[in-house]
Amino acid sequence: MIRNNREFADFDTCAESVSRICQPYRLAAPSARKFRGCVRNFTAAGLNITELQLGRSRMSQDPAGPAGGGSPYFSLVVQLRGAARVQHREDEACLAPGNLVLLDSATATTVEV
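This is a predicted model, so every value here is computed, not measured. (Residues numbered from 1 in each chain as written. Predicted model: local features only at pLDDT ≥ 70, side-chain atom pairs only at ≥ 80, totals over all residues. Heavy atoms only, no water.)

### A word on the pattern of salt bridges
Summed over the entire model, instances satisfying the criterion amount to five salt bridges. We note a salt bridge from Glu 92 to Arg 85, for which the minimum N-O separation is 3.5 Å. According to the relative accessible area criterion, Glu 92 is partly exposed, its value standing at 45%. The partner of Asp 104 in a salt bridge is Arg 89, with the nearest N and O atoms 3.6 Å apart. Residue Asp 104 is located in strand 8 (residues 100-104), and its partner Arg 89 is located in the loop between strand 6 (84-88) and strand 7 (91-95); the two are separated by 15 residues in the primary sequence. A relative accessible area of 16% places Asp 104 in the buried class. For Arg 89, a relative accessible area of 52% corresponds to the exposed category. If you follow the salt bridges from partner to partner, you end up with Arg 58, Arg 85, Glu 92 and Glu 112 in one network. (Salt bridge = Lys/Arg side-chain N within 4 Å of Asp/Glu carboxyl O. Buried < 20%, exposed > 50% of the residue type's maximum accessible area, 1.4 Å probe, protein only. Helix = DSSP H or I, 4+ residues; strand = E, 2+ residues; numbered from the N terminus.)

Encoded structure:
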């Protein structure tokens, strides 16, 4: 769901939201001072949906790391605009608007925008 009334936040606010909503992902940015982003979480048709609009950054998760160990789940990533690079297992995909990728939380993953 795309909404026009987005509230963009600084790096620390977005990093905390990503850690809380998208466990066990962590957010990193080359320049946290210049970073702006938006993280929204909502439910539609019984699905938990997270909308991310992030400045130049990297989201990564390691299932063996300190935030891992929870129940495994799958994430469907839908690229709505811009581009992203996803590394999952030994596979890599470059996403353009309209592309989809299914991620397994039990496998190390990195998403770069």
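### Examining the environment of Thr 109
Mapped onto the secondary structure, Thr 109 falls in strand 9 (residues 109-112). On the basis of relative accessibility, which here comes to 2%, the residue Thr 109 falls in the buried class. Considering only alpha carbons, one finds Thr 109 and Tyr 25, 84 residues apart in sequence, at a separation of 8.7 Å. A polar contact of 3.1 Å, which involves the side chain of Thr 109, links it to the backbone oxygen of Thr 107. (Polar contact = N/O pair within 3.5 Å; in protein donor to acceptor, adjacent residues only side chain to side chain.)

Purely geometric numbers; function is a separate question.
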